[in-house]
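Breakdown of the fold
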Amino acid sequence: MSQHSNKIGSRLSTIRYEMTRDFMAHYTANKIPEFTEENEEMMLKIFQIPNMETCIVTGETIRKSGGDHLFEVRGYLRKTGKCGIEQKWNRLPVSTGQNVKYKKYKCHDKTGKEYKKNIGWEELTEDEFNQQTDDMKERYLQIRKWMKYCQSQGVSLGWELPEEAVNEMEKSISIAMKNLQKGLTRMKELSD
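Computed from a predicted model, the values in this text were never measured in an experiment.

The next subject is the state of the cysteines. For the coordinates displayed, the defined rule picks out zero disulfides. The thiol sulfur of Cys83 is not disulfide-bonded, and the nearest other cysteine sulfur, from Cys150, lies at 17 Å.

What follows is about the packing of helix α2 (residues 12–28) against helix α7 (residues 163–191). Here α2 crosses α7 at 140 degrees, and the two axes come no closer than 11 Å. In terms of their interaxial angle, α2 and α7 are classed as oblique. In the packing of α2 onto α7, the handedness of the crossing is right-handed. Every residue of α7 that contacts α2 at Leu12, Ile15, Arg16, Met19, Thr20 and Phe23 is listed here: Ala165, Met169, Glu170, Ser172, Ile173 and Met177.

Think of a pair of aromatic rings as described by two things: how far the centres are apart, and how the planes are tilted against each other in angle. Scanning all chains against the criterion turns up eleven aromatic pairs. Ring geometry for Phe71 versus Tyr76: centroids 5.0 Å apart, planes at 90 degrees, classification edge-to-face. Owing to a relative accessible area of 9%, Phe71 belongs among the buried residues under this scheme. Its relative accessible area of 2% is what places Tyr76 among the buried residues.

What counts, and at which threshold
Residues numbered from 1 in each chain as written. Predicted model: local features only at pLDDT ≥ 70, side-chain atom pairs only at ≥ 80, totals over all residues. Heavy atoms only, no water. Disulfide = S-S within 2.5 Å. Axes fitted to C-alpha atoms, helices over the stretch in contact; angles between N-to-C directions. Helix = DSSP H or I, 4+ residues; strand = E, 2+ residues; numbered from the N terminus. Parallel < 35°, antiparallel > 145°, perpendicular 65-115°, else oblique. Left-handed = near helix turned anticlockwise from the far one by under 90°. Contact = heavy atoms within 4.5 Å. Phe/Tyr/Trp six-rings, centres within 6.5 Å; stacked < 30°, edge-to-face > 60°. Buried < 20%, exposed > 50% of the residue type's maximum accessible area, 1.4 Å probe, protein only.

Structure follows, in structure tokens:
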């Protein structure tokens, strides 16, 4: 009869992402200091930008998008076991065109084989650092300096999701998917 839609299933990663963002905002709300004007001034100083509407990569004016998560919401979960916080501490002003690549650094091993490191969660060795352009070196040092500043303020950009929260999210998504599939089946039956 009716087949399950791949379109609904393809949104599962988006649903997990948004649930994680909402949960992390709540979970860390009382555990992380408020982001103050003083903290914003330090961010501007470290990244050498005049305001929060200036891209740290290009120096161009950006739209008010809220910025890019330095420690990704779910992007590093498998590698680090942590999710990025949903706080201004973890948001850098980065243009849309740059936010998928500014943290990815190409490196080469001693045999010349290329590999990438993501400086949102990985540190570069001295050799890897020396392989970068001057702009990339400067951005790497700025990001490291910002991370150290956050630590000095009692802020961790990545947090483990409690197992109970993960279980509840998966249970809720499963129930929601079953309901959505039932609704879709009924919609298709109505059109037959």
